[in-house]
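Listed here are the chains, written in short residue letters.
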Amino acid sequence: MRTRTTTVSTGLVTALAVVLALAGCSNAPDKGRSATAGPTASAPAPAPQGGGAGFDGPRPQDQNLLAWTGDPNDAGHVTAQSTAGVAGRITLVRIVLREQITWSNIWLGLAGLDPNAQLANCYLGVYDAKGTLVASTADISPQLMTDAIAKPLPLAKPFPAAPGAYFIALLLNGNWATNALTLKSTGAGISVNAGLTPPNLRYSSILTGQSSLPATVNLGEQSTATINTGWASQWYAIS
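Residues numbered from 1 in each chain as written. Predicted model: local features only at pLDDT ≥ 70, side-chain atom pairs only at ≥ 80, totals over all residues. Heavy atoms only, no water.

Undergrad: Give a description of the overall build of the chain that names residues and reports values.
TA: A count of helical and extended segments in the chain gives two helices and 13 strands. Relative to its 239 residues, the chain shows a buried fraction of 36%. Taking the contacts inside the chain whose residues are at least 6 apart along the sequence as the reference set, 80% of them involve residues at least 24 apart. Accessible surface, the chain: about 13,300 Å² in total, of which carbon and sulfur atoms supply 57%. (Helix = DSSP H or I, 4+ residues; strand = E, 2+ residues; numbered from the N terminus. Buried < 20%, exposed > 50% of the residue type's maximum accessible area, 1.4 Å probe, protein only. Contact = heavy atoms within 4.5 Å. Areas by Shrake-Rupley, 256 points an atom, 1.4 Å probe, with all protein chains shown as cover.)

Undergrad: Could you give an account of the environment of Thr69, naming the residues involved and the relevant values?
TA: Relative to the assigned elements, Thr69 resides in the loop between β1 (67-68) and β2 (76-79). Given a relative accessible area of 10%, Thr69 falls into the buried group. In this structure, the C-alpha to C-alpha distance between Thr69 and Val93, residues 24 residues apart in sequence, is 8.4 Å. Residues within four places of Thr69 in sequence aside, it is in contact with Val93, Arg94, Ile95, Arg202, Tyr203, Gln234, Trp235 and Tyr236.

Undergrad: I'd like a rundown of the environment of Gln210, residues and numbers included.
TA: Looking at where Gln210 falls in the secondary structure, it is placed in the loop between β12 (203-206) and β13 (236-238). Sequence spacing of Gln210 and Cys122 is 88 residues, and the spatial spacing of their C-alpha atoms is 10.0 Å. Here the side chain of Gln210 touches Thr208 through a polar contact of 3.0 Å, landing on its backbone oxygen. (Polar contact = N/O pair within 3.5 Å; in protein donor to acceptor, adjacent residues only side chain to side chain.)

Undergrad: Could you give me a rundown of unusual backbone geometry, with the residues and numbers involved?
TA: Note the cis peptide between Pro198 and Pro199, where omega equals 10 degrees. By the element assignment, Pro199 lies in the loop between β11 (182-185) and β12. Its identity as a non-glycine residue notwithstanding, Asn64 has a phi of 60 degrees, on the positive side. Along the chain, Asn64 falls in the loop between α1 (2-27) and β1. Classification of Asn64 by relative accessible area gives exposed; the value is 72%.

Undergrad: Outline the pairing of strand β3 (residues 90-97), supporting the account with residue identities and numerical values.
TA: Within a regular strand, side chains alternate between the sheet's two faces. Counting buried residues in β3 gives six out of eight residues, a clear majority hidden from the surface. As judged from the four bridges shared by β3 and β12, these two strands associate in the antiparallel manner. Directly across from Ile90, in β12, lies its bridge partner Ile206. (Pairing = 2+ DSSP bridges.)

Undergrad: Describe in detail the confidence of the model for the chain, supporting the description with residues and values.
TA: Per-residue confidence for the chain gives a mean pLDDT of 82; residues scoring 70 or more make up 76%. Confidence over residues 1-23 falls short of pLDDT 50; this stretch has zero contacts with residues more than four positions distant or in other chains. Predicted confidence is poor over residues 25-42, with pLDDT under 50, and the contacts of this stretch with residues over four places away or in other chains come to six contacts. (pLDDT = per-residue confidence, 0-100.)

Undergrad: An account of the sheet that holds strand β6 (residues 123-128) is requested, with residue identities and associated values reported.
TA: Reading across the sheet, the five strands line up as β7-β6-β9-β3-β12 and stay open at both edges, with antiparallel pairing between neighbours. Each having just a single partner strand, β7 (133-136) and β12 make up the two edges of the open sheet. Put simply, the sheet's adjacent strands are angled 30 degrees from each other on average, direction ignored. Where β3 meets strand β9 (residues 164-171), eight bridges bridge the pair, whose relative direction is antiparallel. By the bridge assignment for β9, Val96 is matched with Ala165. (Axes fitted to C-alpha atoms, helices over the stretch in contact; angles between N-to-C directions.)

Undergrad: Tell me about the side chain of Asn173, and name the residues and values.
TA: By the element assignment, Asn173 lies in the loop between β9 and β10 (174-175). Polar side-chain contacts of Asn173 include one of 3.2 Å to the backbone nitrogen of Gly88.

Undergrad: Outline the nonpolar core, listing residues and values.
TA: Core analysis: the largest hydrophobic core is formed by 37 residues, its most contacted members being Trp103 and Leu124. Of all the secondary structure elements, the ones that give two or more residues to this core are β3, β4 (101-112), β6, β8 (150-161), β9 and β13. If one sorts the elements of this core by residue count, β4 sits on top with five residues. In this structure, Ile90, Leu92, Leu171 and Leu219 belong to the second largest nonpolar core, which totals eleven residues. (Core = buried A, V, L, I, M, F, W, Y, C linked by side-chain atoms within 4.5 Å.)

Undergrad: Can you tell me about the side chain of Asp71, naming the residues and giving the values?
TA: Looking at the secondary structure, you find Asp71 in the loop between β1 and β2. No salt bridge is formed by the buried Asp71. Its closest oppositely charged neighbour is Lys184, at 11 Å. Here the side chain of Asp71 touches Asn73 through a polar contact of 3.0 Å, landing on its backbone nitrogen. Once residues within four sequence positions are removed from consideration, Asp71 is found in contact with Pro58 and Trp235. (Lys, Arg positive; Asp, Glu negative; His and termini not counted. Salt bridge = Lys/Arg side-chain N within 4 Å of Asp/Glu carboxyl O.)

As structure tokens, then:
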């Protein structure tokens, strides 16, 4: 009996050794691969190189700008309308910042000039989402009389702008010929505010009879009456 038991035990030990050896071979590293590397079949595919699917179109940084209302390549013309329709009226264009910046300039696309215009008390400014004026330019009347190009108009004092929604305000005053003084715009017309209501309209006007930008405005009073006639949707950029 003792000899038979020893024979059976020896056979079990041998079989177990074979199983363990086979298991070790299945997990052994491939020749030339690190022992800590995972199985070849589960190795991740190499990341794509270069542009391809990662390209998402022009960005403001491509033109040394910090933000814009849209690619300037897509901007058309918008008429400054008549003095009666625009003078003294504040036009608001919403822009959303995705990261904090130091805001120093507002770029305006001046498309056409009226050499005989008489302009005064014309300003650009920035209102925050609460309707508070956080920055403004000096009178830009002289810059509206020369060089029909995209131009930076400096704020009187640069300010740190946190991410969020802002409204670029334009105020024109004086006399000019309709269809002469013109600004660059998106050309989107009535559709510019699709899906939006006050106080979050993308393009709007507010107040009349203004000779300067007030310290606060009620964004709930945004109007599209003038916007829907073809005025506004101006192109702006930030630097």
